[in-house]
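Examining the three-dimensional arrangement
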Amino acid sequence: MRIRPMTGNTAAGGSQPPADGPQPADGTATADGLREVGRLLAGGGVAVLSGAGLSTESGIPDYRGETGRARPRTPMTYQEFTASEDGRRRYWARSHVGWRTIAGALPNAGHRAVEELRRSGHVTGVITQNVDGLHRAAGTVDAVELHGALDRVVCLDCRRTSTRRELDRRLSELNTGFRDTGSRINPDGDVDLPDELVHAFRIAPCAACGGVLKPDVVFFGEGVPKPRVQQCYDLVDAARALLVLGSSLTVLSGLRFVRHAARTGKPVAIVNQGATRGDEFAAARVAAPLGETLAGLAARLGQPDPAP
Ligand SMILES: [Zn+2]
């Protein structure tokens, strides 16, 4: 059965819970798309590329929110972070608040289903654009964290890595009167904070050499390390198909793997609330809640005799 193109099914319609009564266009398209995703997975050898949408059910809002529109924000750039202590102060003050949410987040049904599919051999590799570490927490310890992870810290001077937990303890000691009043958190652990709170924040140097500490994540304006990019290409090359989960593919660092898969003749399927920059490459598009959808697919594929 051929898949109905779903480029018109944006978040405005796709993110609504199923209404009662008939839903001819979207309902049929979703069912067809799901069947195609299930067929791809049943064949095994599927590489997964996940994004912020997979972690929203863990309480980490994505960059777009329910409206599907990008939220106005000014993300920290690598240049701003490395140029001045003021830039670093702004980052660490905001991130000190945001880290509470990230550190307290647990993997959801979507992360668990991906791990289940990996164990059953249907998924052969996972690339994630998320820095929340939730694939790892779900047991997918070899997930390639394309943009790094917030739970690690690296010293820009001596390159020593340490845990965010340790730094968090030091920052809390240095900033005992700091009030956690952050409003809105982003997937990278950043929140909006009033200037006076930022100015009063005290940052911590590397405990080993006194150098500059940076979260072990790829900032805007910073390239992904080449060996890590190659690892992702290898993963896609070794796969039969690529399944995108919860990413609008806005940034090129993720989109390039979709283009690469399409260019090398591998089917691409996308499960995401709303349109993506990779839709033109997709053989199947599904706008459906990820946790429930993936859990359903994993359960069905776990059956000894899946329906044709
Ligand atoms: Zn150091």
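Residues numbered from 1 in each chain as written. Predicted model: local features only at pLDDT ≥ 70, side-chain atom pairs only at ≥ 80, totals over all residues. Heavy atoms only, no water.

1. Re the overall build of the chain
- Summing up its helical and strand segments, the chain has 11 helices and 9 strands in all.
- For the chain, the residues scored as buried account for 50% of the 308 residues in total.
- A fraction of 73% describes how many contacts in the chain between residues 6 or more apart in sequence connect residues 24 or more apart.
- With the model as given, the accessible surface of the chain reaches about 14,400 Å², and the carbon-plus-sulfur share is 52%. (Helix = DSSP H or I, 4+ residues; strand = E, 2+ residues; numbered from the N terminus. Buried < 20%, exposed > 50% of the residue type's maximum accessible area, 1.4 Å probe, protein only. Contact = heavy atoms within 4.5 Å. Areas by Shrake-Rupley, 256 points an atom, 1.4 Å probe, with all protein chains shown as cover.)

2. What about unusual backbone geometry?
- The phi dihedral of arginine 159 is positive, around 65 degrees, even though this residue is not glycine.
- Relative to the helices and strands, arginine 159 is located in the loop between strand E4 (148-155) and strand E5 (161-163).
- With phi around 55 degrees, leucine 249 is a residue other than glycine that occupies positive phi space.
- In this structure, leucine 249 sits in the loop between strand E7 (241-245) and helix H10 (252-263).

3. Topic: the coordination of the zinc ion
- Protein coordination of the zinc ion is provided by Cys155 (SG), Cys158 (SG), Cys206 (SG) and Cys209 (SG), with donor distances spanning 2.3 to 2.4 Å.
- Of note is the zinc ion, whose 4 donor atoms meet at the metal with angles of 104 to 114 degrees in an arrangement that counts as tetrahedral.
- The motif formed by the donor residues of the zinc ion, counted along the single chain, is C-x2-C-x47-C-x2-C.
- According to the relative accessible area criterion, cysteine 155 is buried, its value standing at 0%.
- Residue cysteine 158 is classed as partly exposed on the basis of its relative accessible area, which comes to 35%. (Donors = N, O, S within 2.8 Å, 3.2 Å for Na, K, Ca; no water. Tetrahedral: all angles 85-135°; square planar, octahedral: opposite > 155°, others 65-115°.)

4. Re the environment of glutamine 231
- On the secondary structure map, glutamine 231 appears in helix H9 (residues 226-237).
- Relative accessible area serves as the criterion here: at 42%, glutamine 231 is assigned to the partly exposed category.
- Spatially, the C-alpha atom of glutamine 231 lies 9.5 Å from that of leucine 146, the residues being 85 residues apart in sequence.

5. Some points on the side chain of asparagine 130
- Tracing the chain through its elements places asparagine 130 in the loop between strand E2 (123-128) and helix H6 (134-137).
- Within the local environment of asparagine 130, its side chain forms a polar contact with the backbone nitrogen of alanine 52, the two atoms lying 2.9 Å apart.
- In contact with asparagine 130, other than residues within four places in its own chain, are Ser50, Gly51, Ala52, Leu54, Ser55 and Gly148. (Polar contact = N/O pair within 3.5 Å; in protein donor to acceptor, adjacent residues only side chain to side chain.)

6. Here we look at the nonpolar core
- Core analysis: the biggest nonpolar cluster contains 29 residues, and Tyr91, Trp92, Leu150, Leu167, Leu193 and Leu213 have the highest contact counts within it.
- Residue assignment for this core shows that the elements contributing at least two residues are helix H4 (85-104), E4, helix H7 (164-174), helix H8 (195-200) and strand E6 (213-217).
- The dominant element in this core, judged by the number of residues it contributes, is H4, at 6 residues.
- Contacts of leucine 167, omitting those with residues within four sequence positions, involve Trp92, Val153, Ala204 and Leu213.
- Counting 25 residues, the second-largest nonpolar core is a separate cluster that includes Val37, Val48, Val123 and Leu301. (Core = buried A, V, L, I, M, F, W, Y, C linked by side-chain atoms within 4.5 Å.)

7. Examining the packing of aromatic side chains
- With the rule as written, the count across this model stands at 7 aromatic pairs.
- With centroids separated by 4.9 Å and ring planes inclined at 65 degrees, the aromatic side chains of tyrosine 233 and phenylalanine 257 adopt a geometry described as edge-to-face. Taken as a pair, tyrosine 233 in helix H9 and phenylalanine 257 in helix H10 lie far apart in primary sequence, 24 residues in all. By the burial criterion, tyrosine 233 is buried, and phenylalanine 257 matches it.
- An aromatic cluster is defined as three or more aromatic residues linked by ring pairs; in this entry it consists of Phe81, Tyr91, Trp92 and Phe219. (Phe/Tyr/Trp six-rings, centres within 6.5 Å; stacked < 30°, edge-to-face > 60°.)

8. With respect to empty space enclosed by the protein
- With the rule as written, the count across this model stands at 1 cavity of 30 Å³ or more.
- Size it by volume and the largest cavity reaches roughly 40 Å³.
- Contributing to the lining of the largest cavity are Arg160, Ser162, Thr163, Glu166, Leu167, Arg170, Cys206, Ala207 and Leu213.
- For the lining of the largest cavity, the secondary-structure elements that each account for two or more residues are E5 and H7.
- Element by element, the count of residues in the lining of the largest cavity is highest for H7, at 3 residues.
- The class makeup of the residues in the lining of the largest cavity is 4 nonpolar, 2 polar and 3 charged. (1 Å grid on protein atoms, 1.4 Å probe; cavity = no way out; pocket = protein on both sides within 12 Å on 5 of 7 lines; lining within 4 Å. Points joined across faces, edges and corners; volume = space filled by probe spheres on them. Nonpolar A, V, L, I, M, F, W, Y, C, P; charged D, E, K, R; others polar.)

9. Examining the sheet that holds E7
- Reading across from one edge, E3-E2-E1-E7-E8-E9 is the order of the 6 strands in this open sheet, with parallel pairing throughout. Single-partner strands in this sheet number two, and they are strand E3 (144-145) and strand E9 (284-286).
- When strand E1 (residues 46-50) meets E2, the two strands line up parallel, connected through 5 bridges. Within E2, the position partnered with valine 46 by the bridge is valine 123. (Pairing = 2+ DSSP bridges.)

10. Observations regarding the pairing of E7
- Along E7, 5 of the 5 residues are buried, which leaves the element largely enclosed by surrounding structure.
- Residues Ala241, Leu243 and Leu245 point to one face of E7 and Leu242 and Val244 to the other, with burial holding for every one of them.
- In the sheet, E1 pairs with E7 via 5 bridges, with the strands oriented parallel. Within E7, the position partnered with valine 48 by the bridge is leucine 243.

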